[in-house]
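Given next are the chains, with one letter for each unit.
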Protein chains: 2
Amino acid sequence: MRNILLTIAYDGTNYCGWQIQPNGVTIEEKLQKAFLGMDGSRVKVIGSGRTDARVHARGQRANVVLNSTVPTDRLPYALNAKLPSDIVVKNAKEVPMDFHARYDALGKTYRYRLHTAEFKDPIERNYHYHVSEDLDIAKFKAALETLKGTHDFKGFMASGSSVKTTVRTIDEIEVHTVDSNNIDVYISADGFLYNMVRIIIGSVVDVARGKRTMEQLEEALKHQKRKQAGHTAPPQGLFLEEVRYGLND
Amino acid sequence: MRNILLTIAYDGTNYCGWQIQPNGVTIEEKLQKAFLGMDGSRVKVIGSGRTDARVHARGQRANVVLNSTVPTDRLPYALNAKLPSDIVVKNAKEVPMDFHARYDALGKTYRYRLHTAEFKDPIERNYHYHVSEDLDIAKFKAALETLKGTHDFKGFMASGSSVKTTVRTIDEIEVHTVDSNNIDVYISADGFLYNMVRIIIGSVVDVARGKRTMEQLEEALKHQKRKQAGHTAPPQGLFLEEVRYGLND
């Protein structure tokens, strides 16, 4: 028996998200099926966390306890041969038996891709959020700046989710203006609430196009008021880039 | 009656190419259908040239002689409302009645996107060519350099195509190494033979991964020998970026 940590990339366009569900094809299910035949019985794939329908990943992590004798460095090849072309296992490494991809995660980095132009871009339509209004980049950056650090992000969480605490620490926010029409935002935190990145991006976009004020954003943060925050940016702009552990990796 | 020049972007993934054909959905057909209802009769969409199945465009051009009274600057909105999400009209402008998008083209620029990594990237799989071998970038650039200028490119043309002359002038080749795994090649010429960019890219990739020699490439160029050139790179890495005319645009 080995405990294996996988690094997985996927195009979320055609999936109902990460987590197995009765009605709809998911990434977890495709991975579980790829392990069938390799292991005697059905394996449990433990992801670092869920991603929503149409959300992408370049650095999702998941661990699996395996009986199979396939050498660890051959696992990506064996799995990729069975996976559809929109899911790729990039790496496999052995980890201690008590390692848990979700509980042991120390932090994550998400990327959110924005496209600002009069017309949408048909080629990237499933991989960014098209905003047709002009954005005030100075306001955009200033709004993001206020969210850095440790805060109760309850105002930036989709309703209906239950967690022990809604306090999170955003360690870093980087804004890359790729060119005059494309902005990439990287947000790193010790953890994220449900829809937190998408509500953050929706809120700062609303500030940057004049639909919300900085004061409303601060209100949402200080008094945990979801209604004061902005809209939820769509899923296809979101990429899970990295999950960090206390391993040497 | 007006003669309108359109600038069109499209994701070629789900199309059998530009040109209308009996079996398969094409971009030209979708455009023609978008004009129905706007004009009394079926319009003729004259493209700057064909693109193959799965080839993309950010700057395809086409002209259409219209009876419709829709103002020229509103045409993109009217057409985009009828087009599927993977085809977008970015611009429309009135041109002289004798303007012809194919005959009047002075030059074109294509981009070809290469991805070098052990595993394919599921997110960009339909938008680049994945080469799993390491490429010698110095050789890659040197091989491209020999193709610049005016040559008979018959050795870099797919067999079965008939053209008056196979002499073309490559004005410019730019290699952008986006990062250690991604290379963008921009090739500008007065015109391109059938599959010319894809055969050029396939050939220089073969030189850069040691499957062909520079001497073979030079042979293919000097003696117009298709067999000495390399393989035809796949369509999904190819983007028609720009078509140039003698207009003020």
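Reference entry: report on the structure contained in this document. Being a predicted model, the structure only gives us computed values, none of them experimental.

Let us now look at the relation of the copies chain A and chain B. Note on the identical chains: chain A maps onto chain B by a rotation of 180° and an axial translation of 0.0 Å, with an RMSD of 0.0 Å. In short, the pair behaves as if placed about a two-fold rotation axis. It is Glu 124 of chain A whose C-alpha, among those of chain A, lies nearest the rotation axis, at 4.8 Å. Take the interface residues of chain A: 100% of them recur as interface residues in chain B, which is what a same-surface contact looks like.

Applying the stated criterion to the full structure yields 30 salt bridges over all chains. Among the salt bridges present, the one from Arg 113 of chain A reaches Glu 124 of chain A, with a minimum N-O distance of 3.0 Å. Taken as a pair, Arg 113 of chain A in strand 5 (residues 107–116) and Glu 124 of chain A in the loop between strand 5 and strand 6 (129–131) lie far apart in primary sequence, 11 residues in all. Asp 121 of chain A serves as the salt-bridge partner of Arg 58 of chain B, at 2.9 Å between the closest nitrogen and oxygen.

Our focus in this paragraph is helix 4 (residues 196–208) of chain A. All names here are of chain A. Its 13 residues place the ends of helix 4 18 Å apart at the C-alpha level, agreeing with the 18 Å of an ideal helix rising 1.5 Å per residue. Most of helix 4 is tucked away: 13 of the 13 residues are buried. A positive backbone phi angle near 85° is found at Gly 210, which sits one or two residues after helix 4.

Attention now goes to the side chain of Asn 80 of chain B. Relative to the helices and strands, Asn 80 of chain B is located in helix 2 (residues 75–80). Since its relative accessible area comes to 16%, Asn 80 of chain B is described here as buried. Leaving out residues up to four positions away in the same chain, Asn 80 of chain B has contacts with Phe 119 of chain A together with Ile 87, Val 88 and Val 89 of chain B.

Procedures and definitions
- Residues numbered from 1 in each chain as written.
- Chains lettered and ligands numbered in written order.
- Predicted model: local features only at pLDDT ≥ 70, side-chain atom pairs only at ≥ 80, totals over all residues.
- Heavy atoms only, no water.
- Least-squares fit on C-alpha atoms with pLDDT ≥ 70 in both.
- Contact = heavy atoms within 4.5 Å.
- Salt bridge = Lys/Arg side-chain N within 4 Å of Asp/Glu carboxyl O.
- Helix = DSSP H or I, 4+ residues; strand = E, 2+ residues; numbered from the N terminus.
- Expected span 1.5 Å × (residues − 1).
- Buried < 20%, exposed > 50% of the residue type's maximum accessible area, 1.4 Å probe, protein only.

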